[in-house]
Amino acid sequence: MLTLATPLSAGALEADKPFSDYVVDSWDVKQGLPQISVLAMTQDADGYLWFGTQGGLARFDGVRFRRYNPRDTLGVNSNIQALLADRQRRLWIGTTLGLLVLEDGRFRRVLPTDADGKPALAFSVRALAMTDGRVLVAGAEGVYTPEGGRLRLLHVLPEPALSLLVRPDGLWAGGAGRVYRIRPGTTEAIPLPAAAGSQVTALAWHHGRIWAGGNRGLFRLQHGAFLGVGTGSAPTIEAMASDRDDNLWIATSQYLERWRGGQPIERIQDSRGSIAIRAIYEDHDGNLWLGSQTEGVARVWNGYTRRLDQSVGLANPLLWAISGAPDGSVWLGTVNGVEVWRDGRIQQAVAGARLPHPEAYSLLAEAGQVWIGTRAGAAVLRDGRLEQPAVLAPLRNLQINGIVRDRGGRLWFASSDGLFMLGRDHRLLRYGPTEGLADARIRIVHETRDGRLLVGSTRGLYEWRGGRILALGRQTGLDDEIAVTALLELANGHWLVGSSNGDSLHLFDGKRWHAFGSSRGLPINIPFHLAEDVGSLWVAGMQGVYRLPLAQLERALQSPALQLDPQLVINSGFDRPGGQQDKCCNGSGNGRGLLRDGQLWLPTRDGALLVQLATAEAGTPRPVRIEAVATQGRAYAAGKDALRLPMDARDLRFDFTVPAFQPTRLPRLRYRLVGFEQRWRELDNPSLRSASYINLPPGDYRFEVADFSRADPLAGSARLDVAVPPHLYETLAFRVLAGLLAVGLVWLGYLGLRHRYARQRMVLEQLVQERTRDLQAANARLKEISFTDPLTGLHNRRYLTQQIPVDLSFYQRDPDYREGREALVIALLDVDHFKVINDTWGHAAGDRVLEQLGQLLGELKRSGDYVARWGGEEFLLVLRPLARGSVASIGERLCSRIAAHRFDLGNGAEHRLTVSVGLVECPLFRDHPDLLGWEQLVTLADRAMYAVKNSGRNGWMGYRPLPQARLPEDVSGYRDNPRQLLDSGLLELFGASASTTAAAAPAAPPPQPG
């Protein structure tokens, strides 16, 4: 299939990358495709992608599919073979039963005509193309073109046309056993060598030649004749396309193959996105889309990374440290020794068994030697020989978090028990609490350009000066309790500190410290490595990598209200969408990253992640479109004119969309209803494309939606005027008339003294009504008291027992919940070591902690969520439906926010505490929503919570079905029986506890005076 040539805004796939280094994102019926077999693709002038399947048509904006199928759209045949979008914003659809066109929101058939100009029987349309503004259709007797609502035979061929290719030297059409070259006044037939039974179903231009593919293999035109390509049995060519970088992509019945320069360079088989390919398309931004017979559709794009793993010789993929040597080699500290990258390959340099501890936790590569810090001491590799100098004996059994050599030649060791200096006199000196450290756990050491030595600990930032350790920031705005994880001096001389508690970044401008965190627009991420490159700050941490323009950071220093707008590059679990999904990063301290040759090297649990600093693009901005207004169970299409709604339309939902396919620049849509509100609203979920209003008063409104990721958000915004008509009793005339009537009635009442007994009776009735209302109010207060925990003011078990079944019944009416895309989340948390508080400070202090914890949980919840005191120091959260897979972010957020909070004990002391959290989604199995009741799910959350307790507390765990778990047809044995599900091995426990995060985060400090 050929499609309209449109000016392209981005480069093609990088030709020197193997397919395994591309990023492959995939979608299937679970995300909204009508059916898994994608046989045709195209992109229209507005940027939307269209997919034709065996079960209907779908339009894709990068987030949501809008489906068209025979059940709800008249004339859309279920088996779509070809798609073409033209400049008039029409979509041409080739099906097995003829040609359709979608124009102005309506579908119609385009039938062929016979010799007399009368409608004839439709035929199967296998290919579409365009030349000089004319649509070309491959048909039963040759090549057709639509004219006047019918198909006219344009080029007669002795057989059906199966494929089309438009070239400057003519129109090429594939048929049975031959290829036709059609030029004005002449048609030339060029046969294939294996003509018998062969069909040319794919044509492409590559390396200066015409290529033909079909059920008898691959052929290329050479010296006026087609020659077979390849040896042995010829595979069936299912699809073929040449991209803008002259890569030829060939999909066979067994594999996907890439050719370049007329030669095959890569065969991709059984890889994600390459299975049973039936359609290939390159979009306007240079992404390659692959439609599969069995797997839906996949997008292949360059991505921003390369991963060095076992494929290049890495023996141990879990890395802790990276250090660049002067000779260009890169040294890698792994979980079991040290390895070195040199000349495109990785080799082991030191086995873990030879080190003081197998894990090489920090590195310093110098000319001729590499210093190695482990979890139990340090060693040095000199000219291939490993040494453990006796002078380093005091470091034994200490974790070495960083090694730095200063300009004076001294070597500094950041350890778990103090700062050590190895002088040029080969003496090792220790600096600890006696020299001024409040906490001897040193994470990182950094020397500034003017020779100052900064020391970051788990409790404060310090400077080494003349043998003393001096605390920094006390008088300039830096918290003494800051847990330092990364240090960087910017080119302008400002200092930047990464922290694992409170705000994630702290900047010192020479006068004061400025804090930046989620309240200023930064994603939640503990920085493990900071780097500066060409006006950008790169921040890498456990949740991923983002880039922040330094000019924006400087403006934020002058304007405290300015929100930062970082660009997500690698997303490993950020609290917002965007960026490339990948794994990052490990540990805090020195050697947690390396900036070299335009690449940021980062250690991960799956090898070294190389981030290309110059490849994150902005994409092509597209205008926002308002599609419909839904009310009273009906959708009204948005047009240019104002939309007048029915009389009782007071609950409105506006549906809108914008095409966006570049992960680092996802649109930030905001909306407002002028006439009802003036401020712009954020979407509750960035993946949603709708906004709802309930019980609107009558009036004239203008709904506006804009993309605030653009420099000028209103440039591509969309507007729709709607009128909500008033009822008669809501009009001004009716209100005036009602007022006059009321005055008249009062006057008549004054004149009707003879009706005073009737008025007295009315007064008595009103008094009875007031007493009745008072009684009802009292009953309501009693009911509220019975549903409320007296200590914390939160709901109790009795309230949840009544309310949760009602809410579940309501959520069942929501399609996203009913179809399993969203789920409730139940979180049961228990305060760790709560008995210590009661035993040490008394039960009054314990009660104050529970009250404050209840208030904190109330602040963390959204509207529609529930927080209840479950009993003792246990609290239960019931979170209204979220996208599935949100359990990890919820668990992390609960643990981190509670651990960061200071609790007032009421006696002048403050205390920090941690919690153990158990989580589970409701329903647990998408296909069996009624398998477990909510009480059984709370039981699972309770078991997960005790698993956290048994794993060291301070963390979260949850139960979820194993990916391969399959319930039997008869599930009666599992209904309301979570123990049976666990015993049958259908559930897995996942999450994070203190034992799994000890390397990255400090333990909660003891209570400190308030």
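These numbers come from a predicted model, not from an experiment.

### Concerning the overall build of the protein chain
- Looking only at helices and strands, the protein chain features eleven helices and 75 strands.
- In terms of overall dimensions, the protein chain has C-alpha extents of about 120 × 100 × 60 Å along its principal axes.
- Here the protein chain holds 1010 residues, and 51% of them are scored as buried.
- Sequence separation of at least 24 residues holds for 55% of the intrachain contacts in the protein chain that already meet a minimum separation of 6.
- As presented, the protein chain carries roughly 45900 Å² of accessible surface, and 50% of it is formed by carbon and sulfur atoms.
- For the protein chain, the distance from the average position of its 115 positive side-chain charges to the average position of its 108 negative side-chain charges is 2 Å.

### Notes on the environment of Ser 559
- With respect to the secondary-structure elements, Ser 559 resides in the loop between helix H1 (550-558) and strand E53 (567-571).
- Along the primary structure Ser 559 and Arg 178 are separated by 381 residues, whereas in three dimensions their C-alpha atoms are 70 Å apart.

### Here's the deal with the sheet that holds strand E62 (residues 669-674)
- Read across the open sheet, the five strands follow the order E60-E66-E65-E62-E63; overall the sheet is mixed. On the outer flanks of this sheet lie strand E60 (643-644) and strand E63 (681-682), each paired with one strand and no other.
- Note that strand E65 (residues 699-707) and strand E66 (residues 718-724) share seven bridges and pair antiparallel. Looking at the pairing, Glu 704 lines up with Arg 719 of E66.

### Considerations on the pairing of strand E20 (residues 217-222)
- Looking at chain direction, strand E19 (residues 209-214) and E20 are connected through four bridges and run antiparallel. Bridging across to E20, Trp 211 finds its partner in Arg 220.
- What sits between the antiparallel neighbours E19 and E20 is a turn of two residues.
- Between the antiparallel neighbours E20 and strand E21 (residues 225-229) lie two residues, among them His 223 with a positive phi of about 55°.

### Quick word on the pattern of salt bridges
- What the rule picks out here adds up to 51 salt bridges.
- Note that Arg 178 and Glu 159 form a salt bridge whose closest N and O atoms lie 3.1 Å from each other. With Arg 178 in strand E16 (residues 178-183) and Glu 159 in the loop between strand E13 (150-156) and strand E14 (163-167), this residue pair connects regions lying 19 residues apart in the sequence.
- Of the charged contacts in the structure, one is a salt bridge between Asp 865 and Arg 862, with a shortest N-O distance of 3.1 Å.
- Judged by its relative accessible area of 6%, Asp 865 falls in the buried class.
- The exposure class assigned to Arg 862 is partly exposed, which follows from its relative accessible area of 28%.
- Residues participating in the shared-partner salt-bridge network are Arg 59, Arg 64, Arg 66 and Glu 627.

### Some remarks on the packing of helix H7 (residues 843-860) against helix H8 (residues 887-899)
- Running from N to C, H7 and H8 cross one another at 135°; their axes reach a closest spacing of 11 Å. Considering their axes alone, H7 and H8 lie oblique with respect to each other. As for the relative orientation of H7 and H8, their crossing is right-handed in sense. Two secondary-structure elements touch here, H7 through Leu 853, Leu 856, Leu 857 and Leu 860 and H8 through Arg 893, Leu 894, Arg 897 and Ile 898.
- Looking at the contact of H7 with H8, its residues break down into six nonpolar, no polar and two charged.

### Regarding the confidence of the model for the protein chain
- Across the protein chain, the average pLDDT comes to 89, with 93% of residues at or above 70.
- Per-residue pLDDT stays below 50 along residues 1-10; that stretch engages in 35 contacts with residues further than four places along the chain or on separate chains.
- Contacts from residues 995-1010, a stretch scored under 50 in pLDDT, to residues over four places away or in other chains number 29 contacts.

### A look at helix H6 (residues 834-841)
- Taken together, the buried positions of H6 are occupied by Phe 834, Ile 837 and Asn 838. When H6 is viewed along its axis, its buried side chains cluster within an angular range of 95° and face the same direction. Exposed residues on H6 whose side chains face more than 90 degrees from its buried face are Lys 835 and Asp 839.
- Here the buried face of H6 lies against strand E67 (822-831), H7 and strand E71 (909-911).
- Note on H6: the residue one or two positions beyond its end, Gly 842, has a positive phi of about 100°.

### Details of the sheet that holds strand E42 (residues 442-447)
- Taking strand neighbours across the sheet as the criterion, the four strands line up as E42-E43-E44-E45 in an open arrangement whose pairing is antiparallel. What marks the edges here is a single partner per strand, and that holds for E42 and strand E45 (468-471). The sheet shows a mean angle of 30° between the axes of neighbouring strands, taken without regard to direction.
- The pairing of strand E43 (residues 453-457) with strand E44 (residues 460-465) spans five bridges and is classified as antiparallel. By the bridge assignment for E44, Ser 457 is matched with Gly 460.

### Description of empty space enclosed by the protein
- Tallied over the entire structure, the rule returns four cavities of 30 Å³ or more.
- Looking at the second largest cavity, its volume works out to about 50 Å³.
- By residue class, the composition of the lining of the second largest cavity is seven nonpolar, one polar and no charged.

### Description of the state of the cysteines
- Scanning the entire structure with this criterion turns up one disulfide.
- At a sulfur-sulfur separation of 1.3 Å, the disulfide partner of Cys 584 is Cys 585.
- Accessibility expressed as a relative area gives 10% for Cys 584, which makes it buried.
- Among the residues examined, Cys 585 registers a relative accessible area of 5% and is labelled buried.

### A short note on the nonpolar core
- By size, the foremost hydrophobic cluster in this structure holds 40 residues, and its most contacted members are Leu 800, Leu 940 and Leu 981.
- Of all elements in the fold, only helix H4 (797-811), E67, strand E68 (866-871), strand E69 (874-883), strand E72 (915-922), helix H9 (934-950), strand E73 (955-961) and helix H10 (978-983) reach the threshold of two or more residues within this core.
- Ranked by residue count, the leading element in this core is H9, at nine residues.
- Beyond its immediate stretch of four places on either side in the chain, Leu 981 contacts Phe 925, Leu 931, Leu 932, Leu 967, Tyr 974, Leu 986 and Leu 987.
- The next biggest cluster of nonpolar side chains, apart from the first, holds 34 residues, and it includes Phe 834, Leu 853, Val 887 and Val 915.

### A look at unusual backbone geometry
- Each neighbour pair has its own omega, and for Cys 584 with Cys 585 the value is -25°, a cis peptide bond.
- Locating Cys 585 in the fold gives a position in the loop between strand E54 (580-581) and strand E55 (594-596).
- The peptide bond linking Cys 922 to Pro 923 adopts the cis configuration, its omega dihedral lying at 0°.
- As for its placement among the helices and strands, Pro 923 is situated in the loop between E72 and H9.

### Re the packing of aromatic side chains
- In the structure shown here, the tally under the stated rule is 38 aromatic pairs.
- Here Trp 27 and Phe 60 contribute two aromatic rings whose centre-to-centre distance is 5.1 Å and whose plane-to-plane angle is 65°, an arrangement assigned as edge-to-face. Here Phe 60 lies in strand E4 (residues 56-60) and Trp 27 lies in strand E1 (residues 23-27), a separation of 33 residues in the sequence. Comparing Trp 27 with Phe 60 shows no difference in burial state: the two are buried.
- Here a set of aromatic residues connected by ring pairs shows up, and it is made of Trp 27, Phe 51, Phe 60, Phe 65, Trp 289 and Phe 661.
- Directly above the ring of Trp 205 sits Arg 167, whose terminal nitrogen or CZ lies 3.8 Å from the centroid.
- Stacked on the ring of Phe 990, the Lys or Arg Arg 960 has its end atom at 3.8 Å from the ring centre.

### What to know about the environment of Arg 59
- Note that Arg 59 resides in strand E4.
- In this structure the C-alpha to C-alpha distance between Arg 59 and Thr 42, which are 17 residues apart in sequence, comes to 9.7 Å.
- Among the polar contacts made by the side chain of Arg 59, one reaches the side chain of Glu 627 at a distance of 2.5 Å.

### Focus on the side chain of Asp 46
- With respect to the element layout, Asp 46 can be found in the loop between strand E2 (38-43) and strand E3 (49-53).
- Not counting chain neighbours up to four residues away, the residues in contact with Asp 46 comprise Arg 89, Arg 622, Arg 625 and Pro 659.

### A short note on a nonpolar patch on the surface
- The grouping of Leu 741, Leu 745, Trp 747, Leu 748, Tyr 750 and Leu 751 at the surface amounts to a nonpolar patch, some 740 Å² of accessible area in total.
- Secondary-structure assignment places Trp 747 in helix H2 (residues 732-751).

### Topic: H4
- With 15 residues, H4 ought to run about 21 Å at 1.5 Å a step, and its terminal C-alpha atoms sit 21 Å apart, in line with that.
- Along its length, H4 shows its largest kink, about 30°, at Gln 803, and proline Pro 805 lies within four residues downstream of that point.
- Within H4, the full set of buried residues consists of Tyr 799, Leu 800, Gln 803, Ile 804, Asp 807, Leu 808 and Tyr 811.
- Buried-residue contacts for H4 involve helix H5 (815-818), E67, E68, E69, E72 and H9.
- In this structure Asn 796 caps H4, since a side-chain oxygen of it lies 3.2 Å from the backbone nitrogen of Arg 798.

Conventions we followed
Residues numbered from 1 in each chain as written. Predicted model: local features only at pLDDT ≥ 70, side-chain atom pairs only at ≥ 80, totals over all residues. Heavy atoms only, no water. Helix = DSSP H or I, 4+ residues; strand = E, 2+ residues; numbered from the N terminus. Buried < 20%, exposed > 50% of the residue type's maximum accessible area, 1.4 Å probe, protein only. Contact = heavy atoms within 4.5 Å. Areas by Shrake-Rupley, 256 points an atom, 1.4 Å probe, with all protein chains shown as cover. Lys, Arg positive; Asp, Glu negative; His and termini not counted. Charge placed at Lys NZ, Arg CZ, Asp CG, Glu CD. Pairing = 2+ DSSP bridges. Salt bridge = Lys/Arg side-chain N within 4 Å of Asp/Glu carboxyl O. Axes fitted to C-alpha atoms, helices over the stretch in contact; angles between N-to-C directions. Parallel < 35°, antiparallel > 145°, perpendicular 65-115°, else oblique. Left-handed = near helix turned anticlockwise from the far one by under 90°. Nonpolar A, V, L, I, M, F, W, Y, C, P; charged D, E, K, R; others polar. pLDDT = per-residue confidence, 0-100. Arc of directions from axis to C-beta. 1 Å grid on protein atoms, 1.4 Å probe; cavity = no way out; pocket = protein on both sides within 12 Å on 5 of 7 lines; lining within 4 Å. Points joined across faces, edges and corners; volume = space filled by probe spheres on them. Disulfide = S-S within 2.5 Å. Core = buried A, V, L, I, M, F, W, Y, C linked by side-chain atoms within 4.5 Å. Phe/Tyr/Trp six-rings, centres within 6.5 Å; stacked < 30°, edge-to-face > 60°. Lys NZ or Arg CZ within 6 Å of the ring centre and 35° of its normal. Polar contact = N/O pair within 3.5 Å; in protein donor to acceptor, adjacent residues only side chain to side chain. Patch = residues over 30% accessible without salt bridge, like charges linked within 9 Å, V, L, I, M, F, W, Y side chains within 5 Å. Expected span 1.5 Å × (residues − 1). Bend = angle between axes of the 7 residues up to and from the residue.

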